Amino acid sequence: LLSTLATRSGLTPDLTQKGMEALLGSLRDHLPGDEFAKLTSSIPDVQQLISTPERVPVQLGDFAGPTLNGPNRRTRQEKPLPLTELLSQLTRAGFTLDAVQKFLPAAVGLLRANLHPELMRHVERSIPGLGNISRTTGPAGLIDRLRNLF
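Quick caveat, the model's predicted, so the values are computed rather than measured.

1. Structural notes on helix α5 (residues 83-92)
Next, step 1: For α5, the complete set of buried residues consists of L83, E85, L86, L87, Q89 and L90.
Next, step 2: Positive backbone phi, approximately 105 degrees, marks G94, located one or two places after α5.

2. What to know about the pattern of salt bridges
Next, step 1: All told, the structure shown has eight salt bridges when counted by the stated rule.
Next, step 2: D14 is the partner of K18 in a salt bridge, and the nearest nitrogen-oxygen pair spans 3.5 Å. Within this pair, K18 and its partner D14 are both found in helix α2 (residues 13-30), separated by four residues, close to a single helical turn.
Next, step 3: Between R92 and E85 there is a salt bridge whose closest N-O contact spans 3.6 Å.
Next, step 4: Given the relative accessible area of 17%, E85 is considered buried.
Next, step 5: Among the charged side chains, a network of salt bridges with common partners joins E118, R121 and R125.

3. Description of the environment of F95
Next, step 1: For F95, the position within the fold is in the loop between α5 and α6 (97-114).
Next, step 2: Taking the C-alpha atoms as reference points, F95 and K18, 77 residues apart in sequence, are found 9.0 Å from one another.

4. Regarding the nonpolar core
Next, step 1: In terms of nonpolar packing, the biggest core is built from 39 residues, with M20 and L39 touching the most fellow members.
Next, step 2: Broken down by secondary-structure element, the contributors of at least two residues to this core are α1 (2-9), α2, α3 (35-42), α5, α6 and α7 (117-126).
Next, step 3: Considering every element that reaches this core, the biggest residue donor is α6, with nine residues.
Next, step 4: Filtering out sequence-adjacent residues up to four positions away, M20 remains in contact with L1, L2, L5, L49, F103 and A107.

Reading guide: rules and limits
- Residues numbered from 1 in each chain as written.
- Predicted model: local features only at pLDDT ≥ 70, side-chain atom pairs only at ≥ 80, totals over all residues.
- Heavy atoms only, no water.
- Buried < 20%, exposed > 50% of the residue type's maximum accessible area, 1.4 Å probe, protein only.
- Helix = DSSP H or I, 4+ residues; strand = E, 2+ residues; numbered from the N terminus.
- Salt bridge = Lys/Arg side-chain N within 4 Å of Asp/Glu carboxyl O.
- Core = buried A, V, L, I, M, F, W, Y, C linked by side-chain atoms within 4.5 Å.
- Contact = heavy atoms within 4.5 Å.

Such coordinate-based values are descriptive only and should not be taken to indicate function.
Structure below.
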């Protein structure tokens, strides 16, 4: 998974891992019900990224806080995660604008290639704007939106 994504994005394996941890951490806490379990069973080798809870970023802006399941377990949020929060997480993980522009389209492409279309719709609803991430030009494109945020 990571080597494929690193090759597609042109980023280092370490940065790719940090990006997937941020993305998966967001999805883990914002997908409804058992959708995250379906996601993890659909993507090869994703368990290695989520099996160690302290490796997944937990510094997300609008979480309800720790639960009794452990210090790094967070409660699922019913409201979607803003794309800007995911971008903020990627920035904290060391991503530059250029790296975000390379990583997100490759990561979304990997999700689309591995997930059932209905599950992908759930993913896109949990982080609005993620589904349109492959658009890279024009006023509504990723590059223009990112420039406004960085």
